Amino acid sequence: MNSSDQIKKNVAKKALEYIHTGQTVGIGSGTTVQAFIHLLKEKIDQGLRITTIAASLESEKLLKSYGISVDDTITSCDLYIDGADEIDEDKNCLKGLGRALFREKIIATMSKQVIICVDESKRSLKLHKAPIVCEILPFGFHATIKLIEKLGYRGKLRCDENHQKIVTDNGNYLFDIKLKDVLDDPKKAHLALKHIPGVLETGIFFNIVNKVLVGLKEGQVIEI
Ligand code: 5RP
């Protein structure tokens, strides 16, 4: 049986097969992506040349520390590599536990191919396990939460262990909606939430993922 870290490495290694010199590559955020960046460095050392755009300051820092070029003025990517918190049979996913959903969605949307790397535990027939994460504007956030609750959702403003509000790389707050039931219509849920002015973006990704790489406990990686 492979450990969780080893599974991340296995999936990251598979994702690396899609990267070629001359590409612009969107780089997501989270621990799976970190494993990917470590392997990317080895390829860079062997002569691979790419330009990247990163979805979080953490990923950007790691890429730069490895001498990998990061350019946030890029307007399109050949491909985007990221993790997810949960993914369903139709490749809809929930993202944002790592705080970076807003930039992740911007980069995924500008990418020709979106590849999501997960382990088996993150797969579901329908989304229900992970929260719907909303990035919300600090101004008027009480009112925004009230409107989210008016849609029937319940959740929590994300805080750290000292009960301080988590602030994203964009200077905003996060509201984590706990799902009571399966998310039958991810697009409808996203649009209803996005209709609230204080909701800047949601972690519901639909019609955006092209390929899913799933790392199995036994060590193989399957492509969906
Ligand atoms: C960050 C994300 C991450 O992709 C997601 O949380 C998965 O992270 P990990 O690879 O650490 O499990 O959406 O906003």
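Everything below is about the structure printed above this text.
So, here is what we can say about the structure in this document. (Residues numbered from 1 in each chain as written. Predicted model: local features only at pLDDT ≥ 70, side-chain atom pairs only at ≥ 80, totals over all residues. Heavy atoms only, no water.)

**Quick notes on the sheet that holds strand 10 (residues 199–202)**
Rule in force here: Strands are labelled as partners when DSSP assigns at least two bridges between them. Numbered from the N terminus, helices here are DSSP runs of H or I no shorter than four residues, and strands are runs of E no shorter than two. To obtain each axis, a line is fitted to C-alpha atoms, and for helices this fit is confined to the stretch in contact; angles are then taken between N-to-C directions over 0 to 180 degrees. Whether two residues are in contact is decided by their heavy atoms, any of which lying within 4.5 Å being enough.
Spatially, four strands are ordered 8-9-7-10 in an open sheet, and the strand pairing comes out antiparallel. Either end of the sheet is taken by a strand with one partner, and the two such strands are strand 8 (154–157) and strand 10. Between one strand axis and the next, the sheet turns through 30° on average, direction left out of account. Pairing of strand 8 with strand 9 (residues 173–178) involves four bridges; the strand directions are antiparallel. Opposite L157, over in strand 9, you have F175 as the bridge partner. Those strands touched by helix 4 (residues 101–109) are strand 7 (132–136), strand 9 and strand 10, and its axis lies near 65° from that of strand 10.

**Concerning the site of the ligand**
Keep this limit in mind: Think of it this way: one heavy atom of a residue within 4 Å of a molecule or strand is enough to make that residue near it. Within 3.5 Å is the distance limit for a polar contact, defined as a pair of N or O atoms, with the added protein rule that one can donate a hydrogen and the other accept it, and that residues adjacent in sequence qualify only through two side-chain atoms. Here the nonpolar group is Ala, Val, Leu, Ile, Met, Phe, Trp, Tyr, Cys and Pro; Asp, Glu, Lys and Arg are the charged ones; every other residue, Gly included, is treated as polar.
As a structural note, the neighbourhood of the ligand is formed by 17 residues, with T31, T32, D85, K95 and K122 the closest of them. With respect to the ligand, the backbone of G83 contributes an N or O atom lying 3.3 Å from an oxygen atom. E104 places a polar side-chain atom, nitrogen or oxygen, 3.1 Å from an oxygen atom of the ligand. By residue class, the composition of the shell around the ligand is four nonpolar, seven polar and six charged.

**Remarks on the environment of K112**
Its location among the elements puts K112 in strand 6 (residues 111–119). Sequence spacing of K112 and F205 is 93 residues, and the spatial spacing of their C-alpha atoms is 15 Å. If sequence neighbours within four positions are ignored, K112 has contacts with C77, D78 and N210. Only 3.2 Å separates the side chain of K112 from the side chain of D78, close enough to count as a polar contact.

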